[in-house]
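Listed here are the chains, written in short residue letters.
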Amino acid sequence: MPINPALAKEFENVVGKEQVFTEEADLQSYSYDAAVLAPVRPAIVAAPTTQEQLCKTVRLAYENGLPITVRGSGTNLSGSTIPQGNGIVILTNRVNKILEINEEDLYAVVEPGVITAQFAAAVAAKGLFYPPDPGSQSVSTLGGNIAHNAGGLRGLKYGVTKDYVMGMEVVDYRGELIKTGSRTVKYVTGYNMAALMAASEGTLGVFSNIVVKLVPPPKASKALLAEFDDVNKASETVAGIIASHVVPCTLEFLDNNCIRYVEADTKAGLPVDAAALLLIEVDGGHTQLVEEDADKVMGVCRKCGSTNIRVAQNAEEKFKIWEARRNALPALARAKPTTVLEDATVPRSQVPAMVAAVNAIAKKYNLEVGTFGHAGDGNLHPTILCDRRDKEEFARVEAAVDEIFDVALSLKGTLSGEHGIGKAKAKWMEKETNRATIEFNKNLRLALDPKMLFNAGNKFV
Amino acid sequence: MSEHTPTQLPITPELQSLAARLLKLDDLLISCMRCGFCLATCPVYGATMKEADATRGKIALLEYLSHHMTNDAEAVYDKLGRCLLCGSCQTTCPSGVRIMDIFLHARGIVRDYLGLSSTEKFIFRGLLARPGLFNALLGISAKFQGLFVKEADAALGTSKAPMFSSFIGERHFPRLASEPFHSKTPSLDEAAGSSGLRVAFFPGCVTDKIFPSVADATLKILRKHGVGVFLPDNLACCGIPALSGGDISACQTMIRHNLNLLRPGKFDYLITPCATCASTIKEYWPKVSEGFAPADQELIRSLHDKTTDITAFLTDVLKVSLPVREGGGKRVTYHDSCHLRKSLGVFSQPRAILKSLPGFEYVEMAEADRCCGSGGSFTLKHYDLSKNIGQRKRDNIAAVKPDTVAAACPACMMQLMDMLSQNGDAMKVRHVAEMYAETL
């Protein structure tokens, strides 16, 4: 739906003529994100560059009843940045300054459009560490990470994005700045709204300045790769490692299908007969401690029946060990045109049941699937390979995804570990919770968004 | 992908045929999963932060155009043109989308629909495909340029031409050579030397007309290392300006012209000091050879195997010993041309050469492989954007305080000279081959 030109002019007055897009081709380029869903062209796109412009843009959009979709880099996999046809996309990627990195008090203040990897590099340059490392970190924004509570490979030991949000300023529906949280370790003076904002997917307000926690970096690390002829043994290994009181910084899993796809693509010499691979890295403040932890991990791997263990002796070997995991998504993505990447998550002990169920479902619907993921978190990525142009096949994909969710819930798991609900999984929310929960969340939402304009059609619908 | 807002424009038979032709790219387009990883490395997106300037945006628009989800072909073509064809996106694309194939063919298809401008027709078909006329015209310009241009930066040897700012912008440029390479050395047909190798030499337009000293240096290197040189008279442009301008047929004319000249000379390698010519001959000629005679296709295939840039030839084929020199000296840094590093995978070779040069200390700049913003004709059409991208390169260069910036691509050299000159930096821009030749 074309925007009223007078209103477009008002947005131009707020952010500048160059920062408002109403031309067809520009609008089309904000009609999609990384989810495999139909694109929807917005009516207008505005790209503020300052906090003040961000507030005024939200106020103007809200006053005029435009559905608001906030977009950082548009890398989410849940469709949460696919806009409404009569709505506005508010880009935050140009509100992107790192305002402060405080080395004494171990926090940083950033604007929402700062790119995750660039921020992590800036922090590392000061000798500190920002652990959350979602797969899209080279391009994702910190605002988007918080809106989806992005995870990554380091979740088991270091936690996920929410564990690093100390406070923030949120633009509410009136365009006013709301302050929550603090730069202190302890804070009890208000509702913990910063935590509420994590995974809110643009439904409660628009993030402005964010205070994130930093930690000292590990001083040593060691990586190893263990092969298994049975997924159950790999799973017992994961449980055994935790039970031995070692918490690896990463504990990744590849199933046999995934190993085969990676090997076909890279010819890296992976064991294509192995039922599963675990890629494990331990880190810590002292080389000796890390060596001891690595020895313990190896002991558990052997005890649980790992058929082969490779330990990286130097940086080069470590890089090589991680190659299989780095290439998992590319190898799967290259095998077929469309990659449906799911993230149903189960309690750690249910990983073997989940992997078995995924493979049975793929067989039932005659689909190609490869599973990799964060074994320590029970957060698997069953990845269905298909061609979205083939309507008959895609209907089978959708049925298979539905069943995967069913299984995840039956195993006391959750629909999404780190990708979000968005449009893709909103219809499933009641199944994971109940009607009362949906109503409660909608009421909460109505209190903060009386016209229901913030990312309508997402999360709770 | 069907529930989509319909577009305003009526679907004409011409649009239908455009969509049908673009649908031939559908198998390539479909492999983009919209992950957006290309946004991380796209220099144009880095400068504008606009989605349609990034590869993901362009691929989406092409898909929509081919499915009548948008019909504004002109706008899509405009977006396609905002691309340096640097290939950065392809290096980070997890799905391995054949992005350059898509862009080159799409430019051709959409350009066909929109038609070429008269200027483009004149340049691609009238000038570049006719090396005799092109040389004569630039020869005259070289003689008269002194009337219009004045010095901008003495160290860089750049000039500016305020009288022509409407045409060339505020650019600081190296002057056209008073004697282009081809005037001095129109052709060569030497026997294989002591190395047992004979190579075809393809200097390229910018080398020939702006930096003949680079061609001289390349010849000096080849002769010193006992390599016989075959240089046919009257070589035309490699075709990349026409190809990136969507005029595939003019590009094919240039390729055929050059094939006919190269065919009779038996040679082991084709050597060029121009990264862009090297990648065009090696990577793009095979992609646009559809409909060529079998003999021509065969020759293009053999050129794919034989073509290499002078720095890789020195290290990988001649296996020249390049001991790393310690002991300091003038500071030299290196800029990776996209066409060398991303297209051909050549990046350690020029560095090895520079590190071996007596009297120099090699320093690595940050983001050495980030595009300089030239993109050949990109800088002519989008000078402000090109300058914006170039400024980041300049700042990275300035940060390591070099005396000399080395590159192995004459087009990059022009852009670097412009950016450094605009900033008043007193440093030299030189081709790696020139610096190496001086040690011989």
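Every chain is numbered on its own, with residues counted from 1 as its sequence reads. As a convention, the first chain written is A and the first ligand written is 1, with the rest following in written order. Totals for whole chains, interfaces and linings use every residue, but because this is a predicted model, local features are given only for residues with pLDDT of at least 70 and side-chain atom pairs only at 80 or more, for both listing and counting. Only hydrogens and water are set aside when side-chain values are computed; all heavy atoms of the structure are taken into account.

1. What to know about the overall build of chain A
In this description a helix means any DSSP run of H or I spanning at least four residues, a strand means any run of E spanning at least two, and both kinds are numbered starting from the N terminus. What chain A contains, in helices and strands, is 16 helices and 16 strands. For chain A, the spread of C-alpha atoms along the three principal axes comes to 70 × 60 × 40 Å. The classification of residues rests on relative accessible area computed with a 1.4 Å probe and restricted to protein chains. Under 20% of the type maximum is buried, over 50% is exposed, and intermediate values are partly exposed. Per-residue burial over chain A gives 59% buried out of 461 residues. Once local pairs closer than 6 in sequence are excluded, the contacts in chain A between residues at least 24 apart make up 70%. On chain A, roughly 18100 Å² of surface is accessible, and the fraction owed to carbon and sulfur atoms is 53%. Pairs of residues are marked as contacts when any of their non-hydrogen atoms sit within 4.5 Å. Using a 1.4 Å probe, accessible areas were evaluated by the Shrake-Rupley method; residue-level cover was limited to the displayed protein chains.

2. A closer look at the side chain of Glu 169 of chain A
Position of Glu 169 of chain A relative to the elements: it lies in strand E7 (residues 165–171). With residues up to four places along the chain from it excluded, the contact list for Glu 169 of chain A reads Gln 51, Leu 177, Ile 178, Lys 179, Val 206, Phe 207, Ser 208 and Asn 209 of chain A.

3. Points about the domain arrangement of chain A
Residue and element names in this part refer to chain A. If you check the domain split of chain A, you get domain 1 (5–91), domain 2 (98–213), domain 3 (220–327) and domain 4 (336–430). Using only C-alpha atoms to locate each centre, domain 3 and domain 4 end up separated by 23 Å. At the interface, 15 residues of domain 3 touch 17 residues of domain 4. Interface of domain 3 and domain 4: buried area, both sides summed, is about 1300 Å²; carbon and sulfur atoms make up 59% of it. The largest per-residue losses of area from domain 3 upon contact with domain 4 belong to Phe 253, Asp 255 and Tyr 261, which jointly make up 37% of the total buried on that side. We define a salt bridge as a side-chain nitrogen of Lys or Arg found within 4 Å of a carboxyl oxygen belonging to Asp or Glu. At the junction of domain 3 with domain 4, the criterion picks out zero salt bridges. For each domain, the first and last residues come from an automatic or database assignment. For any pair of parts, buried area is found by adding up, for both, the accessible area (1.4 Å probe) each one loses once the two are put together.

4. Considering the packing of helix H8 (residues 231–243) of chain A against helix H10 (residues 287–303) of chain A
Residues and elements named next belong to chain A. To define axes, lines are fitted to C-alpha atoms, for helices over the stretch in contact only, and angles between the resulting N-to-C directions are given on a 0 to 180 degree scale. One way to put it is that H8 packs onto H10 with a least axis distance of 9 Å and a crossing angle of 145 degrees. Seen from above, H8 lies across H10 with right-handed handedness. Seen from H8, the contacting residues are Thr 237, Gly 240 and Ile 241; seen from H10, they are Val 297, Val 300 and Cys 301. Put simply, Ala, Val, Leu, Ile, Met, Phe, Trp, Tyr, Cys and Pro go in the nonpolar bin, Asp, Glu, Lys and Arg in the charged bin, and everything else, Gly too, in the polar bin. Within the contact of H8 with H10, the residues separate by chemical class into four nonpolar, two polar and no charged. Rotating anticlockwise by less than a right angle from the far helix to the near helix defines a left-handed crossing, while the corresponding clockwise rotation defines a right-handed one.

5. Brief notes about the pattern of salt bridges
Residues and elements named next belong to chain A. Overall, the coordinates contain 57 salt bridges over all chains when judged by the stated rule. Two residues, Lys 56 and Glu 52, come together in a salt bridge whose shortest N-O distance is 3.1 Å. Pair noted here: Lys 56 and Glu 52 are both in helix H3 (residues 51–63), with a separation of four residues, about one helical turn. The exposure class of Lys 56 is partly exposed, given its relative accessible area of 39%. The exposed category is assigned to Glu 52, whose relative accessible area is 52%. Here Lys 179 ties to Glu 169 by a salt bridge, and the two come within 3.5 Å at their closest N and O atoms. Taken together, the residues span a long stretch of sequence, with Lys 179 in strand E8 (residues 177–181) and Glu 169 in strand E7 at a distance of ten residues. We classify Lys 179 as exposed; its relative accessible area is 62%.

6. Brief notes about the interface of chain A and chain B
Between chain A and chain B, the contact holds 36 residues from the first and 40 residues from the second. Both faces combined, the contact of chain A with chain B buries some 3100 Å², and carbon together with sulfur accounts for 55% of it. Its largest share of buried area at the contact with chain B, chain A owes to Tyr 32, Arg 388 and Arg 389 of chain A, together 19% of the area lost on that side. Linking chain A with chain B are six salt bridges, by the criterion used here. Among the ionic pairs, Arg 389 of chain A bridges to Asp 27 of chain B, the shortest N-O distance being 2.9 Å. Within 3.5 Å is the distance limit for a polar contact, defined as a pair of N or O atoms, with the added protein rule that one can donate a hydrogen and the other accept it, and that residues adjacent in sequence qualify only through two side-chain atoms. For the interface between chain A and chain B, the tally reads 19 residue pairs in polar contact (both at pLDDT 80 or more). The set of elements that each furnish at least two residues to the side of chain A that touches chain B consists of helix H2 (24–28) and helix H12 (328–335) of chain A.

7. Focus on the sheet that holds strand E3 (residues 68–71) of chain A
All names here are of chain A. Two strands qualify as a pair provided DSSP detects at least 2 bridges between them. Strands sit in the order E1-E2-E4-E3 across an open sheet of four strands; the sheet is mixed. Bordering the open sheet on either side are strand E1 (20–21) and E3, each of which pairs with just one other strand. Pairing of strand E2 (residues 44–46) with strand E4 (residues 88–91), which is carried by three bridges, proceeds in the parallel orientation. The residue bridging Val 45 from the neighbouring strand is Val 89, located in E4. Contacting E2, E3 and E4, H3 crosses the sheet at an angle of about 170 degrees to E4.

8. Quick look at the sheet that holds strand E10 (residues 360–362) of chain B
Residues and elements named next belong to chain B. Taken in spatial order, the four strands line up as E10-E9-E11-E12 in an open sheet, and their pairing is parallel. Because the sheet does not close on itself, it has two edges, and the strands there are E10 and strand E12 (428–431). Strand after strand, the sheet turns through a mean of 35 degrees between neighbouring axes, direction not considered. Examined bridge by bridge, strand E11 (residues 404–407) and E12 share four bridges and lie parallel to one another. Counterpart to Val 405 in the pairing with E12 is Val 429.

9. Structural notes on the pairing of strand E5 (residues 98–102) of chain A
All names here are of chain A. Note that E5 and strand E6 (residues 107–110) share four bridges and pair antiparallel. Bridge pairing links Ile 101 to Ala 108 in E6. Hairpin connection between E5 and E6: a loop of four residues separates the two successive antiparallel strands, and Leu 106 in this loop has a positive phi of roughly 55 degrees.

10. Description of the environment of Ser 213 of chain B
Relative to the helices and strands, Ser 213 of chain B resides in helix H13 (residues 212–224). It is 9.2 Å that separates the C-alpha atoms of Ser 213 of chain B and Pro 180 of chain B, two residues lying 33 residues apart in sequence.

11. Topic: the state of the cysteines
By disulfide we mean two sulfur atoms from cysteines, separated by a distance within 2.5 Å. Scanning the model with the defined rule gives zero disulfides over all chains in all. Here Cys 258 of chain A is not disulfide-linked; the sulfur of Cys 386 of chain A is the nearest cysteine sulfur, at 16 Å. The class for Cys 258 of chain A is buried, based on a relative accessible area of 0%. Cys 205 of chain B takes part in no disulfide bond, and the closest cysteine sulfur to it belongs to Cys 237 of chain B, at a distance of 4.3 Å. On the basis of relative accessible area, Cys 205 of chain B is assigned to the partly exposed category, the value being 22%.

12. Notes on the domain arrangement of chain B
All names here are of chain B. We note that the domain assignment places domain 1 (13–114) and domain 2 (322–437) within chain B. Measuring from the centre of the C-alpha atoms in domain 1 to the corresponding centre in domain 2 gives 29 Å. Taken together, the 17 residues of domain 1 in the interface contact 13 residues of domain 2. Overall, the association of domain 1 and domain 2 removes approximately 1100 Å² of surface from exposure, summing both partners, and the carbon and sulfur fraction of that is 65%. Three residues stand out in domain 1 for area buried against domain 2, namely Pro 43, Leu 84 and Cys 86, and they jointly supply 41% of the buried area on that side. Across the domain 1-domain 2 interface, the total number found is zero salt bridges. The interface formed by domain 1 and domain 2 includes two residue pairs in polar contact (both at pLDDT 80 or more).

13. Considering the environment of Ile 99 of chain B
All names here are of chain B. Positionally, Ile 99 belongs in helix H7 (residues 99–114). Classification of Ile 99 as buried rests on a relative accessible area of 2%. For Ile 99 and Gly 87, which are twelve residues apart along the polypeptide, the C-alpha to C-alpha distance reads 7.8 Å.

14. So, the side chain of Thr 203 of chain A
Residue and element names in this part refer to chain A. Mapped onto the secondary structure, Thr 203 falls in the loop between helix H7 (193–197) and strand E9 (206–213). There is a polar contact of 2.6 Å between the side chain of Thr 203 and the backbone oxygen of Ser 200. Not counting residues up to four positions away in its chain, the partners in contact with Thr 203 are Arg 445, Asp 449, Phe 454, Asn 455, Asn 458 and Lys 459.

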